[in-house]
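Observations on chain architecture
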Amino acid sequence: MKATARRPVVIIGAGPVGVTTALLLARHGVRSVVLERHRDVYPLPRAVVVDDEIRRILQSVGVHEEFASLTRSAPGLRLLDARRRVISEFPRSLHGHHGFPQTSMFDQPDLERLLRDALARRPECELWGGVEVVSVTQDTDGPNDPTGPVRVTFRRDGSDEEEHLWADAVLGCDGAGSVTRDAIGTLWEDLHFEESWRVIDVRTSRPVRTWQGVEQICCPNRPATFMRVSEDRYRWEFRLADDQNLDGPDGWERLRELVAPWVDLPPDASSGDDFEVIRQAQYTFRARLADRWRRGRVFLLGDAAHLTPPFVGQGLCAGLRDAHNLTWKLARVLQQGAPEELLDTYERERKPHARHVIRIAVAVGWAMTGGQDRGAAFRRAAVGTACRIPGVTAAVSRDLSPALTAGPLVRRRPRLTGRVLAGTFCPQPWVRHNSRRVRLDEVLGDSFAALTAVPPTAQMTAVATALGASTIRVDDLDDDGTLAGWLARGRADAVLLRPDRVVMDTIPAGTGNFTDTVAWAPLLHTARRTADARPA
């Protein structure tokens with residue numbers, strides 16, 4: 001057995017969630033090592049869509065401009081009946097709340113290579129490929145000690161010898177078959193959706209009949225999904241019976257029949273050189289949620305914590321949201337001595353959000369398939385009717401990223417007029433800073449920020465100083481009026497933004513003080529800073 005080593009953070013899994021987590025930690029100065037059983041990026045397509053919030057997260061790790069060159073914006077999602085008539089349309093804007101298109105199509109291997117290149121440029125990060133994690137165990141002084149070091153046992157390719165890494169925290173980004181989830185004794189909660197689908201990724205120069213967005217065919221006999229991924233890349237997903245195999249001598253004819261509504265293929269496969277099947281694979285789409293996301297200093301992220309059916313394109317998005325929520329909190333605990341209770345807010349905030357998105361995905365899945373019981377036809381009709389009610393589709397589109405539920409770091413006080421801003425994201429317009437036109441987050445930086453429409457008050461300044469936050473006047477940013485309008489609709493003079501750009505607290509119009517510092521200040525108090533964020 002080889003000698004052990006120690007790192008502040010060990011991340012298990014080098015998919016997009018794991019590598020993004022390492023990059024986010026590096027932005028906060030936290031060193032990490034990422035362990036991955038594969039030596040290179042898995043070359044075949046998987047995730048193909050992200051939203052504007054995820055584009056903003058990629059901005060925070062410095063890859064957004066390169067990623068933009070690899071994406072194609074899509075205008076939204078349509079639910080179609082069996083004859084491809086539109087039941088409902090869920091539009092997506094090219095200019096979303098976060099400053100990016102609300103739907104971006106891409107090829108996952110391209111994103112993974114981009115993230116790994118960024119990882120290689122960060123001295124805080126290491127990537128160890130060809131490593132199989134065997135076990136994860138935490139050394140504690142009892143059930144009331146969550147801070148003990150964590151031991152990760154692993155083997156390298158071609159070796160039976162076990163090695164160990166000790167870490168202050170271990171983040172399990174190791175997918176649906178997570179070793180980390182098993183290690184902390186987590187069980188799946190079944191959210192009642194499980195279907196087997198065939199996913200087909202194609203490259204073709206043939207004319208394809210498409211509206212450029214995503215199509216969901218709502219048919220109990222043959223539900224399907226279709227989307228254009230890039231200039232010549234397309235994806236189809238079909239729920240097929242067990243005996244409907246696309247392999248073998250009759251596979252081409254079956255494939256030709258399936259894709260006929262979109263593209264015309266020749267009867268003979270040998271004449272179909274301009275229609276290349278990159279990959280076809282059978283997947284079981286499931287809706288599940290881990291009953292516990294943390295034990296001590298071991299955490300679950302991404303598919304290790306939740307499984308989302310793909311019908312609203314939120315599987316990868318949910319995992320990257322996990323990373324963005326957890327990393328700044330973990331950095332504050334590890335580097336600045338913030339209390340351990342700060343880490344409890346990760347699951348408290350992310351789990352209800354993930355459950356909500358999974359339920360939306362399941363609802364769209366039911367709209368497509370309706371299930372196979374006696375109530376199926378009624379459910380399909382009910383969904384179709386609901387989607388025709390004015391405002392419903394727009395509300396569903398907004399609901400893919402709802403406000404965080406109230407908690408220690410989200411102080412939500414309902415009021416009779418105006419929007420409640422706490423728990424929502426600050427918008428990101430283009431602004432002018434130091435004579436340059438940049439996105440807002442380039443000005444806000446990586447830490448807390450106070451964004452104000454009025455001159456800073458004494459309490460605002462004290463809070464900002466205690467948190468190490470910048471104080472930024474909206475009038476100085478020269479944006480298009482987005483920020484001032486957003487604050488006015490929320491009846492707020494100022495907001496306090498967390499590092500993940502969620503509004504933590506507000507100064508209601510005309511009051512001069514943040515409303516709930518007593519609630520959140522104890523969680524953010526650090527050994528390094530002696531100032532108290534609470535008002536004098």
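These lines cover the structure that appears in this document, whether it is placed above or below. Keep in mind it's a predicted model, so treat the numbers as computed, not measured.

Bringing the packing of helix H7 (residues 315-336) against helix H8 (residues 341-369) into the picture now. How two helices pack is summed up by the angle between their axes together with the distance between the axes. Contact geometry of H7 with H8 gives a least axis separation of 9 Å together with a crossing angle of 165°. One way to sum up the angle between H7 and H8 is to call them roughly antiparallel. Where H7 crosses over H8, the handedness of that crossing is right-handed. Together, Ala-318, Arg-321, Asp-322, Asn-325, Leu-326, Lys-329, Leu-330, Arg-332 and Val-333 of H7 and Leu-342, Leu-343, Thr-345, Tyr-346, Glu-349, Arg-350 and His-353 of H8 make up the contact between the two elements. Residue classes in the contact of H7 with H8 are distributed as 7 nonpolar, 3 polar and 6 charged.

Within strand E5 (residues 76-80), 4 of the 5 residues are buried, which leaves it mostly tucked inside the rest of the structure. Relative to strand E6 (residues 86-91), E5 is paired through 5 bridges, and the arrangement is antiparallel. Counterpart to Gly-76 in the pairing with E6 is Pro-91. The antiparallel pairing of E5 with E6 creates a hairpin that spans 5 residues between the two strands, and Arg-84 there sits at a positive phi of about 65°.

Moving on, we get to the sheet that holds strand E19 (residues 306-307). Taken in spatial order, the 8 strands line up as E6-E5-E13-E14-E15-E12-E16-E19 in an open sheet, and their pairing is mixed. Across the chains shown, the open sheet's two edge strands, defined by having one partner strand only, are E6 and E19. Relative to strand E16 (residues 275-290), strand E12 (residues 188-204) runs antiparallel, the two sharing 14 bridges. Across the sheet, the residue bridging to Asp-190 is Arg-288, located in E16. In this fold helix H6 (residues 251-259) packs onto E12, strand E15 (233-238) and E16, with an angle of close to 70° to the strand it touches most, E16. Sitting on the sheet, H8 is in contact with E5, E12, strand E13 (214-217), strand E14 (224-228), E16 and E19, with an inclination near 65° to E12.

Attention shifts here to the packing of aromatic side chains. One pass over the full model with this rule turns up 18 aromatic pairs. A centroid spacing of 6.3 Å and a plane angle of 35° characterise the contact between Tyr-234 and Trp-236, whose relative ring orientation is tilted. For Tyr-234, a relative accessible area of 6% gives the class buried. Using a relative accessible area of 0% as the deciding quantity, one classes Trp-236 as buried. Ring centres 5.9 Å apart and planes at 85° place the aromatic pair Phe-285 and Phe-311 in the edge-to-face group. With a gap of 26 residues between them, Phe-285 in strand E16 and Phe-311 in the loop between E19 and H7 connect regions that are remote in the sequence. An identical accessibility class is assigned to Phe-285 and Phe-311; each is buried.

Turning our eyes to something else, we now look at the sheet that holds strand E25 (residues 503-508). With respect to topology, 4 strands assemble into an open sheet ordered E23-E22-E24-E25, the strand pairing being mixed. Every interior strand has two partners, whereas the edge strands, strand E23 (470-473) and E25, have only one. Geometrically, the sheet is characterised by an average inter-axis angle of 20° between neighbouring strands, direction not taken into account. Examined bridge by bridge, strand E22 (residues 449-452) and E23 share 4 bridges and lie parallel to one another. Bridge pairing links Thr-452 to Arg-473 in E23. Taken strand by strand, helix H12 (residues 458-467) contacts E22, E23, strand E24 (492-497) and E25, and its axis lies near 10° from that of E24.

Analysis parameters
Residues numbered from 1 in each chain as written. Predicted model: local features only at pLDDT ≥ 70, side-chain atom pairs only at ≥ 80, totals over all residues. Heavy atoms only, no water. Axes fitted to C-alpha atoms, helices over the stretch in contact; angles between N-to-C directions. Helix = DSSP H or I, 4+ residues; strand = E, 2+ residues; numbered from the N terminus. Parallel < 35°, antiparallel > 145°, perpendicular 65-115°, else oblique. Left-handed = near helix turned anticlockwise from the far one by under 90°. Contact = heavy atoms within 4.5 Å. Nonpolar A, V, L, I, M, F, W, Y, C, P; charged D, E, K, R; others polar. Buried < 20%, exposed > 50% of the residue type's maximum accessible area, 1.4 Å probe, protein only. Pairing = 2+ DSSP bridges. Phe/Tyr/Trp six-rings, centres within 6.5 Å; stacked < 30°, edge-to-face > 60°.

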